[in-house]
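# Structural features, examined
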Number of protein chains: 2
Amino acid sequence: MSASPSPRVRMTADERRRQLIGIGLRLLVTRPIHELAIDEVAEVAGISRGLLFHYFPTKRDYYVAVVRSAGDRLLGHTELPEDGSAEERARVIADGFVSFIRRRKANYLALVRAASGGDDRVMEVYQEVRTTLTDRFLDAVGRPDPDAMTRLAVRGWLAMAEEMAVEADAELSTEDLVTFLVEDLLRVAAIPVTD
Amino acid sequence: MSASPSPRVRMTADERRRQLIGIGLRLLVTRPIHELAIDEVAEVAGISRGLLFHYFPTKRDYYVAVVRSAGDRLLGHTELPEDGSAEERARVIADGFVSFIRRRKANYLALVRAASGGDDRVMEVYQEVRTTLTDRFLDAVGRPDPDAMTRLAVRGWLAMAEEMAVEADAELSTEDLVTFLVEDLLRVAAIPVTD
């Protein structure tokens, strides 16, 4: 990937932070997070390494901010609609989730790998996103306060949805995939407590 | 974890390889694979760094061998029985899979993280194990040569089984978890082709 340095421009602190995070998200596509070089990020941004550390005190602070930003984007694409049947509401979030992953497959995989890379804070952000998504799907299907088994099952179903969205051939339509997933979710979330 | 050096003993090349792989599997529990230090492995084995490289020419060769060995163990615990109904056969492998993960959760997670860590050969080994497991489950439920959607669904289901085995509280019995999973597998693998 060619990433040419930006010309030096005056930015507010917020703009600069957003710019640096955006660069990290793009670079992550081509390498695992522990190989993401701060020097390269600074160079692409057209700023000094020292200035980058002014915005993000440590390399890990920077990584965590990048992963958090990606998680926020995903959550922004999977908001729970207020109205509709369980199936309709689940469909809207499932479609947001699957579409998000399919459109940004390389980037999504890079971030999942980042989360698996052994950094506890990065892992924590990933788990938070997972938990929020699980809550939204439970809410959608009318089980906002489920037993432990139902929560676990919906969490498992989310892993299934992720795997299928990542592995699906381009020929398979997102609509068919979402239809299949929502059908399975409705069954999975309806299991009675076993004790 | 305290890992005291073994006394220097004469071993055959095969014994030595197995010993070194075993040490790697134990050390992986406490750190991601890219932080696994060759020096530490050699020290625990009571051999020189040079001798370790005699058995595994590069650090990556060693990592790949460790991950492959873990994958072989998992496959050894999930062999497909020859006889039985679809449900019974699926149950045997699902039980092997879930039990294996629950017994070695930290180790299993470390290996999944290793596979996600961005090393292509390690990733390849992980994908091979996934594919073999998917084939076994498809065979178990009588769909050895399925359409693309069924294969994708069973692959997704495997990700669900993994996630649930990793996340399940100790209170949830493996039997209940396996019952739930096999029921869902039978539904998931039965979907008609949509085109």
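Values in this document were obtained by computation on a predicted structure and should not be read as measured data.

### Here's the deal with the overall build of chain A
Scanning chain A for helices and strands turns up 9 helices and 0 strands. When the helices and strands of chain A are listed from N to C terminus, the series reads α-α-α-α-α-α-α-α-α. In chain A, which comprises 195 residues, the proportion classed as buried is 51%. Pairs at least 24 apart in sequence give 71% of the contacts found in chain A among residues at least 6 apart.

### Focus on helix 8 (residues 148-167) of chain B
Over its 20 residues, helix 8 of chain B extends 29 Å from the first C-alpha to the last, a length consistent with the 28 Å expected when each residue adds 1.5 Å. Extensive coverage of helix 8 of chain B is indicated by the burial of 17 of its 20 residues.

### Let's talk about the packing of helix 1 (residues 13-28) of chain A against helix 4 (residues 59-76) of chain A
Residues and elements named next belong to chain A. Following both chains from N to C, one finds helix 1 and helix 4 inclined at 85°, their axes separated by 9 Å at the closest point. Here helix 1 lies roughly perpendicular to helix 4, going by the angle between them. Seen from helix 1, the contacting residues are L20, I21, I23, G24, L25 and L28; seen from helix 4, they are Y62, A65, V66, S69, A70 and R73. Across the contact of helix 1 with helix 4, the residue classes tally to 9 nonpolar, 2 polar and 1 charged.

### Overview of the nonpolar core
Ranked by internal contacts, the top residues of the largest apolar core, which has 78 residues, are W157, M164 and L181 of chain A together with W157, M164 and L181 of chain B. When sequence neighbours within four positions are dropped, the list of residues in contact with M164 of chain A reads L177, F180 and L181 of chain A together with M149, L152, A153 and G156 of chain B.

### Remarks on the packing of aromatic side chains
Residues and elements named next belong to chain A. Counting across every chain of the model gives 6 aromatic pairs over all chains. Centroid distance F56 to Y62: 5.2 Å. Interplanar angle 65°. Geometry classified as edge-to-face. A relative accessible area of 5% places F56 in the buried class. Judged by relative accessible area, which is 0%, Y62 ranks as buried. Taken together, a centroid distance of 6.3 Å and an interplanar angle of 55° make the contact between Y62 and Y63 tilted. For the residue pair Y62 and Y63, the accessibility class agrees, reading buried in each case.

### Description of the packing of helix 1 (residues 13-28) of chain B against helix 2 (residues 38-45) of chain B
All names here are of chain B. At a minimum axis distance of 10 Å, the contact between helix 1 and helix 2 shows a crossing angle of 120°. With respect to helix 2, the element helix 1 is oriented oblique. In this structure, the crossing between helix 1 and helix 2 has a hand that is right-handed. Taking contact as the criterion, the partners of R16, Q19, L20, I23 and L27 in helix 1 are, on helix 2, E40, V41, V44 and A45. Of the residues belonging to the contact of helix 1 with helix 2, the class tally is 6 nonpolar, 1 polar and 2 charged.

### A look at the environment of Y63 of chain B
In this fold, Y63 of chain B is placed in helix 4 (residues 59-76). In this structure, the C-alpha to C-alpha distance between Y63 of chain B and L25 of chain B, residues 38 residues apart in sequence, is 9.6 Å.

### Some details on the confidence of the model for chain A
Residues and elements named next belong to chain A. Confidence along chain A averages 87 in pLDDT terms, with 88% of residues attaining 70 or more. When mean pLDDT is compared element by element in chain A, helix 9 (residues 174-188) scores highest at 96, while helix 6 (residues 105-116) scores lowest at 73. Complex prediction metrics read pTM 0.86 and ipTM 0.85.

### Points about the environment of A161 of chain A
Residues and elements named next belong to chain A. By secondary structure assignment, the location of A161 is in helix 8 (residues 148-167). Considered as a pair, A161 and T12 are 149 residues apart in the sequence and their alpha carbons are 39 Å apart. Discounting chain neighbours no more than four positions away, the residues touching A161 are F97 and L181.

### A short note on the side chain of S99 of chain B
Inspection of the secondary structure puts S99 of chain B in helix 5 (residues 86-103). A polar atom in the side chain of S99 of chain B sits 2.6 Å from the backbone oxygen of D95 of chain B.

### Some remarks on helix 9 (residues 174-188) of chain B
With 15 residues, helix 9 of chain B should cover 21 Å at 1.5 Å per step; its first-to-last C-alpha distance of 20 Å lies within 8% of that length. Of all the residues in helix 9 of chain B, the buried ones are T174, L177, V178, F180, L181, V182, D184, L185 and V188 of chain B. Against helix 8 and helix 9 of chain A together with helix 5, helix 7 (120-140) and helix 8 of chain B lie the buried residues of helix 9 of chain B.

### Some thoughts on the pattern of salt bridges
Across all of its chains, the model carries 22 salt bridges over all chains by this definition. For the salt bridge of R155 of chain A with E167 of chain B, the shortest nitrogen-to-oxygen distance reads 3.8 Å. Residue R155 of chain A is located in helix 8, and its partner E167 of chain B is located in helix 8; the two belong to separate chains. Its relative accessible area of 11% is what places R155 of chain A among the buried residues. With a shortest N-O distance of 3.5 Å, E128 of chain B and R68 of chain B are connected by a salt bridge.

### Observations regarding the environment of K105 of chain A
All names here are of chain A. Its place among the elements puts K105 in helix 6. It is 8.6 Å that separates the C-alpha atoms of K105 and A165, two residues lying 60 residues apart in sequence. Not counting residues up to four positions away in its chain, the partners in contact with K105 are A165, V166 and A168. Reaching out from K105, the side chain makes a polar contact with the backbone oxygen of V166 at a distance of 3.0 Å.

The rules behind these values
- Residues numbered from 1 in each chain as written.
- Chains lettered and ligands numbered in written order.
- Predicted model: local features only at pLDDT ≥ 70, side-chain atom pairs only at ≥ 80, totals over all residues.
- Heavy atoms only, no water.
- Helix = DSSP H or I, 4+ residues; strand = E, 2+ residues; numbered from the N terminus.
- Buried < 20%, exposed > 50% of the residue type's maximum accessible area, 1.4 Å probe, protein only.
- Contact = heavy atoms within 4.5 Å.
- Expected span 1.5 Å × (residues − 1).
- Axes fitted to C-alpha atoms, helices over the stretch in contact; angles between N-to-C directions.
- Parallel < 35°, antiparallel > 145°, perpendicular 65-115°, else oblique.
- Nonpolar A, V, L, I, M, F, W, Y, C, P; charged D, E, K, R; others polar.
- Core = buried A, V, L, I, M, F, W, Y, C linked by side-chain atoms within 4.5 Å.
- Phe/Tyr/Trp six-rings, centres within 6.5 Å; stacked < 30°, edge-to-face > 60°.
- Left-handed = near helix turned anticlockwise from the far one by under 90°.
- pLDDT = per-residue confidence, 0-100.
- Polar contact = N/O pair within 3.5 Å; in protein donor to acceptor, adjacent residues only side chain to side chain.
- Salt bridge = Lys/Arg side-chain N within 4 Å of Asp/Glu carboxyl O.

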